[in-house]
Every structure is written in structure tokens, then in C-alpha cells.
Amino acid sequence: MEGLQLSIPQRIQLLKNVVVFSLLASLYLSVHLWAGERNFPYTSLFFSAHITPPYDYMYLILITFFCLASFVLKWQRLFIFLSVLVCAWLVVCDLTRLQPWLYYYASLLLIYIFYDGRVDDSNKYTSYFIILQLVVASVYFYTGISQMNKNFVDSEFILVISPLKEFMSERQFLLLAKMGKAVPYILTGVGIGLMVSSIRFLAVALAIVMHFLLLLFLFPSVKNPNYALWLSNLVFILLLFLLFSGKTKQRYFSPTFLLQVPIFYVFVFLFVLAPAFNRSGGWPDFLSSNFRSGNNNTALVRFSERVYEKLPLVERQFVLYSGNGYILDYQDWCLKELHSECFPDKKVFTRIYDHVVSLNAEDVKEIELKCVLHHGLLRKP
């Protein structure tokens, strides 16, 4: 099996086109996260900096212009940098926007800022190509690592395969659910296999099968409104072909040249070293592929009936009743309104709590926030 027959410079150019279009498509598939009226609270990183609707659509227009300009105008690297810069500013204005797909698309595009596009030095363009491979391989490796816990099989995996309940008996479904225990190890193996040329074809095949199944299970619907996440599975299939299929190394490439590229060390830190500190609370969940693993930071926002009655009607639909009060399902709220997952960070949880308090200032003692973090417990009142 010879795989994809393209030179490395051609692959690099095609991959850039795929990532730029994917970033644009994902932004518009989750448009309410970036611009327009919304009820879900903003969580600024440093200060309240968001522009009120409808003027915030200016950011989307700017990103669209910069991305499209990178295809047709001369200063491609400048326009890529500006598009990533605007995305970074939007994240500073609201941490909820720090979605996994945004992090990986932006990281891949950052590599292009340092690559000048020259094809006369095989050592240089092969080094940047290996860095691109490293980023994608780390997604599978650390996704598998983060899913090595009981919560993944008992909650997230069963939730993903739940559409099969209609076609299977209860016994067959339970048997399939038990097979989910192998998924983390398969993903970790895929991440390693993608960087080992002798078994790369097997790793690519396994990864493509996994993404194809996720395209079916997560097909956009009322239950699966995270459209950008669904699209990312299609994008990663394309990335697998462009980065790992066929001949992906020059015959005369010297590995020592890779060690002379400064950006290589930055990406080794971001995608190899830093994610290892996720469980200790030293690295954010969404920046380490700890996504829908049943292993994220969580929070409980609980309040009394009197507080519930003062909430806007649009927010009451995301409230669940339990035996000792009402619980705000912030995950469902974020998913349904913004078409994205809630960023699992105590700043976001605290901002949601403050939002409920602002609507019920006189009943603040009847509102409780309990954050279960990787490195401890944060609790209010």
C-alpha cells in the first residue's frame, strides 16, 4: 500500500487550506459562541472586554477576511497570524470560546507563521512537516490517556453509542459498552503508531474507522448540537491522509536539523510535556485532549425554589429538580445555546454562579456552588 502520492510541500499547502476552511466553518457552525445575543454568561480572562451585540460580528468579519486573504494575497503568513490573533483575543474576552477544535486548528496555523513556504531545502520543510505530525499524533495519545478512567466507559462512551440501543438487545448493548474499556488503549496506541513508520498504516486505518463511527454517532441533531465537534472528525480524517499516508519523509533528511528549529521546542512543550500535568491541575482540560473523557473539572450549582422562580424562562429549561433543591445543568445550557461544550474551569463555574446571584441578590444564601477540580475543591456560598 503506497498511500497518498504527494510531495511534502504539496501536503503542507493542502493541509493549510484544509485547516483554514475548517476554522472558518467551525466558527460559523458555533456562531452564537462568538457573536450575537446570548444568555450564557461571558467569562473574561482578565477583565470585562467583550463588545456588545451586534457589533461583535465585526470580529467574525475580520477573521473571515484574514483567512480568505491568506489564499489570494501576497502576505499569507501575516494574514494567518492576524486571524489567529483575533481568535486569541476572543478567547481572552470569553474563556468558553476555548474549544478543543479551536486550540488545535490555531496551533497548526501558528506553525505556518514560521514556515516561509520555500521548497528548495528538504531539511527545513520536512522539519516543519514533522512538527505538524507531532501535534496531530498528540491528540490521539493524550485523548487515550485522559479516557483511562471508569467514568469514560460508564458515562461518555455509553452516551456516544446510545443510538445503537434501538437496534440491539439490552444484553448486546451492555457487551458493547464493556468493549469501551479498550478504546483508551487503542487511541493511545494510535498516537504512538502514527509516529512509527513501520506500523503507521495500521494506526491510520484505526483512526479513520474511529472518526467514521463518530461521524455517524455524533451526527448533528437536537441531541448533538455541537456541530463544530462533528465537523472536526471529518477534518481529522483529511489530516491523517495528508500527514501520515504514503511517503512522508525525504531520503536525505537529517533529524539534527529538526533540533535547530526553535518552534520545535515550543510545540514539544505544548503537546508532549504540558498535557502530562493535566491531572494535577497544572494544565487546562481542553488544552490536553481531556475532552468528553468523564475526567474533566465539574461543578454543581444548586439553589432553592425561590431562586428558581426568579430565573428567566429561557434559563429555567436547563434546571433539574433533585430531592434537596434545584440544579442548573450548565453543560446542557452551553451546548443548546452556544453549540459548544462548557469550558471546564473554575473561572467559568464561578461566573455562572455570579450570574445566578446577580438575578437573586437578596437570596444569595440559597445559592450554592461546589466545583470539583483535579487539584482540589472550591466551594461557595
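Keep in mind that what you see is a predicted model, and the values were worked out from it rather than measured.

1. Some points on empty space enclosed by the protein
What the rule picks out here adds up to one cavity of 30 Å³ or more. Surrounding the largest cavity, Y104, S138, Y142, L270, F271, P275, L287, S288 and S289 form its lining. Of all elements in the fold, only α6 (122-146) and α13 (262-273) reach the threshold of two or more residues within the lining of the largest cavity. When grouped by side-chain class, the residues that make up the lining of the largest cavity number six nonpolar, three polar and no charged.

2. Details of the pairing of strand β1 (residues 298-303)
Among the six residues in β1, five count as buried, and that is most of the element. Here six bridges tie β1 to strand β4 (residues 367-373), and the two strands are oriented antiparallel to one another. Paired with A299 across the strands is C371, a residue of β4. Summarising the sheet, β1 and strand β3 (residues 325-328) pair through two bridges and their orientation is antiparallel. By the bridge assignment for β3, F303 is matched with Y326.

3. Brief notes about the packing of α6 against helix α9 (residues 183-193)
One way to put it is that α6 packs onto α9 with a least axis distance of 7 Å and a crossing angle of 155°. In terms of axis orientation, α6 runs roughly antiparallel to α9. For α6 against α9, the interelement crossing comes out left-handed. Seen from α6, the contacting residues are A137, Y140, F141, T143, G144 and I145; seen from α9, they are P184, L187, T188, V190, G191 and I192. Each residue belonging to the contact of α6 with α9 can be placed in one class, and the counts come to eight nonpolar, four polar and no charged.

4. Observations regarding helix α5 (residues 100-114)
In this model, α5 (15 residues) spans 22 Å end to end at C-alpha, consistent with the 21 Å of a helix rising 1.5 Å per residue. For α5, the buried fraction is high: 13 of the 15 residues fall into the buried class.

5. Some thoughts on unusual backbone geometry
Along the chain, P53 connects to P54 via a cis peptide bond; the corresponding omega equals 0°. Take P54: it is sitting in the loop between α2 (31-34) and α3 (57-72). Residue R292 is not a glycine yet carries a positive backbone phi of 50°. Mapping R292 onto the fold places it in the loop between α13 and β1. Despite not being glycine, H339 shows a phi value in the positive range, around 55°. Secondary-structure assignment places H339 in the loop between α16 (330-338) and α17 (346-359). With a relative accessible area of 17%, H339 lands in the buried category.

6. Focus on the environment of L108
Mapped onto the elements, L108 comes out in helix α5. Classification of L108 as buried rests on a relative accessible area of 3%. On a C-alpha basis, the gap between L108 and F267 in space is 10.0 Å, while along the polypeptide they are 159 residues apart.

7. Describing the packing of aromatic side chains
Under the criterion given, the structure shown has 24 aromatic pairs. Ring plane angle 40° and centroid distance 5.9 Å describe the contact between Y104 and F271, whose orientation is recorded as tilted. One end of the pair, Y104, is in helix α5; the other, F271, is in helix α13, and 167 residues separate them in sequence. Accessibility classification places Y104 together with F271 in one group, the buried group. Grouping aromatic residues by their ring pairs yields a cluster made of Y103, Y104, F267 and F271. Against the face of Y42 rests R38, its NZ or CZ located 4.0 Å from the ring centre. A cation sits over an aromatic face here: R316 above Y308, 5.4 Å from the ring centre.

So, how was this worked out
Residue numbering note: each chain is counted from 1, following its sequence as written. Restriction of local features to residues with pLDDT of at least 70 applies here, the model being predicted, together with a cutoff of 80 or more for giving and counting side-chain atom pairs; totals for whole chains, interfaces and linings are based on all residues. The side-chain values count all of the structure's non-hydrogen atoms but skip hydrogen atoms and water molecules. A pocket here means an open set of points on a 1 Å grid, computed over the protein atoms alone, that has protein on both sides within 12 Å along at least five of seven lines. A cavity is instead a set of points where a 1.4 Å probe fits but cannot get out; residues with an atom within 4 Å of a point line either one. Grid points are joined across faces, edges and corners, and a volume is the space filled by probe spheres set on the points. The helix and strand labels rest on DSSP assignments: H or I over at least four residues marks a helix, E over at least two residues marks a strand, and numbering proceeds from the N terminus. Side-chain classes are defined by residue name, with Ala, Val, Leu, Ile, Met, Phe, Trp, Tyr, Cys and Pro counting as nonpolar, Asp, Glu, Lys and Arg as charged, and the others, Gly among them, as polar. For every residue, the accessible area (1.4 Å probe, protein chains only) is compared with the maximum for its type, and the residue is labelled buried under 20%, exposed over 50%, or partly exposed between those bounds. Whether two strands pair comes down to DSSP finding at least two bridges between them. Throughout, an axis means a line fitted to C-alpha atoms (over the contacting stretch in the case of helices), and angles, computed between N-to-C directions, take values from 0 to 180 degrees. Note on terminology: angles under 35 degrees are roughly parallel, angles over 145 are roughly antiparallel, angles of 65 to 115 are roughly perpendicular, and the others are oblique. Here a crossing is taken to be left-handed if its near helix is turned anticlockwise relative to the far helix by less than a right angle, and right-handed if that turn runs clockwise. Residue contacts follow a heavy-atom distance rule, with two residues in contact if any of their heavy atoms lie within 4.5 Å. Here the expected length of a helix is defined as 1.5 Å per residue gap, with one fewer gap than residues. Whether two aromatic rings pair depends on their centres lying within 6.5 Å, for rings of Phe, Tyr and Trp, where Trp uses its six-membered ring; planes under 30 degrees apart make the pair stacked, over 60 edge-to-face, and the rest tilted. The rule for a charge over a ring is simple: NZ of Lys or CZ of Arg within 6 Å of the ring centre, and within 35 degrees of the ring normal.

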